[in-house]
Amino acid sequence: MEFSNAPGRIYRLAADGSLQAELTYHLDQGAMVITKTFVAPAARGQGLAGKLMLAAIALARSHQYQIKPVCSYAQEFF
């Protein structure tokens, strides 16, 4: 499963171009602060939120960022 990256977000669009899943973050003193995870209702139950978290971990590792989970899903994941 592929996700797109843009400054401050990792996301996936559905075939029709609508937002299917998104993780938002900001950088603070060398840390990736994860502020929100979202999965559209039609895409829930497919493990997208967990896959978003794995994509965030990969991005953080590639830039040597610490991760600070702020949103409730990220806190539960870690």
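Summary of the structure given here. Per chain, the residues get numbers from 1 upward, laid out in the order the sequence is written. This being a predicted model, a pLDDT of at least 70 is required before a residue's local features are given, and a value of 80 or more before pairs of side-chain atoms are given or counted; all residues contribute to the totals for chains, interfaces and linings. The side-chain values count all of the structure's non-hydrogen atoms but skip hydrogen atoms and water molecules.

**Details of the side chain of Glu-22**
Item 1. On the secondary structure map, Glu-22 appears in strand 3 (residues 19-28).
Item 2. Here Glu-22 falls in the buried class, since its relative accessible area comes to 9%.
Item 3. Within the local environment of Glu-22, its side chain forms a polar contact with the side chain of Arg-9, the two groups lying 2.7 Å apart. Here a strand is any run of E in DSSP of at least two residues, a helix any run of H or I of at least four, and the numbering for each starts at the N terminus. Burial classes follow relative accessibility: with a 1.4 Å probe on protein chains only, a residue under 20% of its type's maximum area counts as buried, one over 50% as exposed, and anything between as partly exposed. Here a polar contact means two N or O atoms within 3.5 Å. Within protein one must be a hydrogen donor candidate and the other an acceptor candidate, and residues neighboring in sequence count only if both atoms are side-chain atoms.

**What to know about the pattern of salt bridges**
Item 1. We count a salt bridge whenever a side-chain nitrogen from Lys or Arg sits within 4 Å of a carboxyl oxygen from Asp or Glu. The final tally for this structure, using the stated rule, is two salt bridges.
Item 2. In this structure, Glu-22 engages Arg-9 in a salt bridge whose closest nitrogen and oxygen atoms are separated by 2.7 Å. With Glu-22 in strand 3 and Arg-9 in strand 2 (residues 9-13), this residue pair connects regions lying 13 residues apart in the sequence.
Item 3. Ionic pairing is found between Lys-36 and Glu-22, a salt bridge with its closest N-O pair at 3.4 Å. Within this pair, whereas Lys-36 is found in strand 4 (residues 31-39), its partner Glu-22 is found in strand 3, the two being separated by 14 residues in sequence.
Item 4. By sharing partners, the salt bridges in this structure join Arg-9, Glu-22 and Lys-36 into a single network.

**What to know about the sheet that holds strand 1 (residues 4-6)**
Item 1. Spatial ordering of the open sheet is given by 1-2-3-4-5, a layout of five strands whose pairing is mixed. Looking at which strands have only one partner, the edges of the open sheet turn out to be strand 1 and strand 5 (66-69). For this sheet, the mean inter-axis angle between neighbouring strands, taken without regard to orientation, is 30°.
Item 2. Contacts between residues were defined by any pair of non-hydrogen atoms, one from each residue, lying within 4.5 Å. Helix axes are fitted to C-alpha atoms over the stretch in contact, other axes to C-alpha atoms as well, and angles between N-to-C directions run from 0 to 180 degrees. Relative to the sheet, helix 1 (residues 48-63) contacts strand 1, strand 2, strand 3, strand 4 and strand 5, its axis offset from that of strand 4 by approximately 160°. Strands qualify as paired when DSSP identifies two bridges or more between them.

**Some details on unusual backbone geometry**
Item 1. The phi angle at Gln-29 is positive, at roughly 50°, despite the residue not being glycine.
Item 2. Assignment of secondary structure puts Gln-29 in the loop between strand 3 and strand 4.
Item 3. Positioned with a positive phi, Gln-64 is a non-glycine residue whose angle comes to about 60°.
Item 4. Inspection of the secondary structure assignment puts Gln-64 in the loop between helix 1 and strand 5.

Structural measurements only, silent on function.
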